[in-house]
Amino acid sequence: METVRLTTAQALVRFLAHQYSERDGREQRLVPGVWGIFGHGNVAGVGQALLQAARTGEVDLPYYLARNEQGMVHASVAFAKMRDRLATYACTASTGPGSTNMITGAALATTNRLPVLLLPSDMFATRAADPVLQQLEDTRGGDVTVNDAFRPVSKYFDRITRPEQLIPAALAAMRVLTDPVETGAVTLCLPQDVQAEAYDWPVAFFRRRIWHIGRPVPEPAALERAAHLLRTAKRPLIVAGGGVVYSGAENQLRSFAETAGIPVADTHAGKGALPWDHPCAVGGLGSTGTAAANALAAEADVVLGVGTRYSDFTTASHTVFGDPEVRFINLNVARLDAVKHSAEPLVADARLGLQALERELAGWKTDDAYRQRVLELSAAWRRTEEECFAPGHGPLPAQTEILGALRRSLDDRDVVINAAGSLPGDLQMLWRARDPKAYHVEYAYSCMGYEVAAGLGVKMAEPGREVVVLVGDGSYLMMAQEIVTMVSEGIKVIIVLVQNHGFASIGALSESLGSQRFGTRYRFRDRESGQLDGEVLPVDLAANAASLGADVLSASTVEEFSGAMAKARASDRTTVVHVETDLYGPNPPGSGWWDVPVSQVSAIETTRRAYETYAAAKRSQRHYL
């Protein structure tokens, strides 16, 4: 057997450079590069291996320097989302805090079912120098390190304590990364001494490998059961989730909905799968859904979920589907999701499943009255959208006015990115997406700080699109460092920084739950009350963004914002458009509920009243059995 002598880190770099994914005949690099921040745990291991690859040219695996370890995971996940889970980056970090900084990103990836390869450095496998810098000494066992915290948030976890262990571990890692059912964060812990240890590797380990990602076909009997149930429906509704987009099933969804006359509601991950102005499109569903989608869900007798995991926001905490006899059909590549809500499971690829359903239901269609009701509800909601977009609020513009101006400034293929705060709710209700990749809202983990870093990953995945990061001041303050990376790499992203001096979403939620916006505003501590309800803090986020190397444009009106967006689009540099909005809204009219428990007893009157409201809403909650 032919071998080559390399360190473990050198072998890993060489292996990763030869991994490819393939679907529908299209091949691409599975791991096109490595994000990293070097410290003593990886600088002489993975760092040396990447340097050697770059200097010798033997291996093509580019390295990108991040400014925060969590941020580089977010960038990798955003890249994977844009690439339909067919490619992702590896992330290397040093021991201790460098590695544990990636745990939040790992949780986000796994919750969203998006692939990312994490390479946290670990303590000495030999334990020759224990305890080393940044080592956790656990009295329960000598093999425990801080990296064990990755276990519950990883879909695959392994610790490479001998060089030869890399062979099965690396192959298993690629298997999980390319499995649409199992994918998520994949963690290979690399003790710093093992990274630098040499071994005679089989040359075959480094051959070009193509990981074929198939499209599971629906089982005929399951297809027949699903079609039979749909034929009985008088008021069916489709819920389009991220699986539609990852499968590339937009055309099949459109054809099926048109042919059968079924309205389509969407989740955050599924928005844009059907263009917003299509006659069957009724918008977002659930806690922050449109009045049209939620009204149809309340009446639906059969719900066809396509590629959705039915989060509590989608189901309005199990209250949005109101028909006592409602039945579900779930078309999903993962059986975990296909059987939710006691559904008829149709375990299959979304594209092939929709094609098969359309064939099976040939000649069947909803009646004229139902289709007319769908059109009327959609038209009414679009009038509401226009009212929200209309300028005139003052003295500061409303966030909804800014969203309207932003949408008017973008093309259909331009990407808007968001994850947390009040913006996801407004976006789900109001954003008009025609392209399935133009709406990039991470709402499985809803991680503050995702947005700016995600802008990097999205732009790297789709450099031909304009990428717009939409971020509130709360999320911006969590993590804005990757602006520096954008500048250093010459990657142009537009960042719309919405400044309202507080947590608008949680503040409004706090108020509705009787907690009086406590701890949600950025204020000085008042000397008399002792609370954080003094004057507004003199924080200048525009100056902060400029200090990180971005061009900055400021706006105080809707008209100034539109002008600033035009300048940002014309620029070839990363540009931050800073605009102040009203912390108190107004917000789009809601029609869904979200289960956030309220204190059952309280000395505060507002809390007692909120509990009465909560208890009344709770009575509508149900299991779908």
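Everything numeric in this text was worked out from a predicted model, so none of it was measured.

Draft legend 1. Representation of the packing of helix H11 (residues 291-299) against helix H14 (residues 368-389) in the model. Where H11 meets H14, the closest approach of the two axes is 8 Å, and the angle between their N-to-C directions is 145°. Taking contact as the criterion, the partners of Ala291, Ala292, Ala295, Leu296 and Glu299 in H11 are, on H14, Tyr370, Arg373, Val374, Leu377, Ser378 and Trp381. Per-class residue counts for the contact of H11 with H14 are eight nonpolar, one polar and two charged.

Draft legend 2. Layout of the side chain of Asn68. Tracing the chain through its elements places Asn68 in the loop between strand E5 (63-65) and helix H3 (69-82). If we skip the residues at most four places from it in the chain, Asn68 touches Ile37, Met479, Gln481 and Glu482.

Draft legend 3. How the structure looks around the packing of aromatic side chains. Throughout the structure, instances matching the rule amount to 18 aromatic pairs. A centroid spacing of 5.9 Å and a plane angle of 70° characterise the contact between Phe321 and Tyr624, whose relative ring orientation is edge-to-face. Of this pair, Phe321 sits in the loop between strand E15 (302-306) and strand E16 (327-332) while Tyr624 is found in the segment after helix H23 (605-618), placing the two residues 303 residues apart along the sequence. Each member of the pair, Phe321 together with Tyr624, is buried. Aromatic rings pair up to connect Phe15, Tyr199, Trp201, Phe205 and Phe206 into one cluster. One Lys or Arg, Arg14, reaches over the ring of Phe206 and ends 5.6 Å from the middle of that ring.

Draft legend 4. Inspection of empty space enclosed by the protein at higher detail. Throughout the structure, instances matching the rule amount to seven cavities of 30 Å³ or more. In this structure, the largest cavity spans a volume of roughly 670 Å³. Of all elements in the fold, only helix H5 (103-112), helix H9 (242-247) and E16 reach the threshold of two or more residues within the lining of the largest cavity. Top element by residues in the lining of the largest cavity is H9. It accounts for four residues. When its residues are assigned to classes, the lining of the largest cavity shows 19 nonpolar, 17 polar and 10 charged. In this structure, the second largest cavity encloses a volume near 170 Å³. Trp276, Val282, Gly283, Glu385 and Trp431 are the residues nearest the centre of the second largest cavity, which is lined by 20 residues in total. Elements that contribute at least two residues to the lining of the second largest cavity include exactly strand E14 (281-284), H14 and helix H16 (423-430). For the lining of the second largest cavity, the residue count by class is nine nonpolar, six polar and five charged.

Draft legend 5. Spatial organisation of the pairing of strand E9 (residues 185-191). Counting buried residues in E9 gives seven out of seven residues, a clear majority hidden from the surface. A two-sided burial pattern is seen for E9, the buried positions comprising Ala185, Thr187, Cys189 and Pro191 on one face and Val186, Leu188 and Leu190 on the other. One ladder, built from five bridges, connects strand E7 (residues 116-122) with E9; its direction is parallel. Residue pairing across strands places Leu118 opposite Thr187, the latter belonging to E9. The β-α-β motif built from strand E8 (residues 156-159), the intervening helix H6 (residues 166-177) and the parallel element E9 has right-handed crossover chirality.

Draft legend 6. Representation of helix H2 (residues 46-56) in the model. Where H2 is concerned, the buried positions are Val46, Gly47, Ala49, Leu50 and Ala53. For H2, the buried positions fall inside an angular range of 165° around the axis, keeping them on one side. Lining the buried residues of H2 we find helix H1 (8-16), strand E4 (34-36), E5, strand E6 (90-93), E9 and helix H7 (192-195). Gly57, located one to two residues past H2, shows a positive phi value of around 75°.

Draft legend 7. Expanded view of the layout of surface pockets. Empty space within the largest pocket amounts to approximately 1,000 Å³. Thr288, Ser505, Ala508, Leu509 and Trp594 are, among the 43 residues lining the largest pocket, the residues nearest its centre. Those elements that place two or more of their residues in the lining of the largest pocket are H16, helix H18 (473-478), helix H20 (504-512) and H23. Among the elements that line the lining of the largest pocket, the one with the most residues is H20, at six residues. Tallied by class, residues from the lining of the largest pocket come to 21 nonpolar, 19 polar and three charged. There is about 250 Å³ of room inside the second largest pocket. Looking at the second largest pocket, it is lined by 14 residues, and the ones nearest its centre are Gln516, Arg517, Phe518, Gly519 and Gln531. Tallied by class, residues from the lining of the second largest pocket come to three nonpolar, seven polar and four charged.

About the cut-offs
- Residues numbered from 1 in each chain as written.
- Predicted model: local features only at pLDDT ≥ 70, side-chain atom pairs only at ≥ 80, totals over all residues.
- Heavy atoms only, no water.
- Axes fitted to C-alpha atoms, helices over the stretch in contact; angles between N-to-C directions.
- Helix = DSSP H or I, 4+ residues; strand = E, 2+ residues; numbered from the N terminus.
- Contact = heavy atoms within 4.5 Å.
- Nonpolar A, V, L, I, M, F, W, Y, C, P; charged D, E, K, R; others polar.
- Phe/Tyr/Trp six-rings, centres within 6.5 Å; stacked < 30°, edge-to-face > 60°.
- Buried < 20%, exposed > 50% of the residue type's maximum accessible area, 1.4 Å probe, protein only.
- Lys NZ or Arg CZ within 6 Å of the ring centre and 35° of its normal.
- 1 Å grid on protein atoms, 1.4 Å probe; cavity = no way out; pocket = protein on both sides within 12 Å on 5 of 7 lines; lining within 4 Å.
- Points joined across faces, edges and corners; volume = space filled by probe spheres on them.
- Pairing = 2+ DSSP bridges.
- Right-handed = clockwise from strand over helix to strand, strands pointing away.
- Arc of directions from axis to C-beta.

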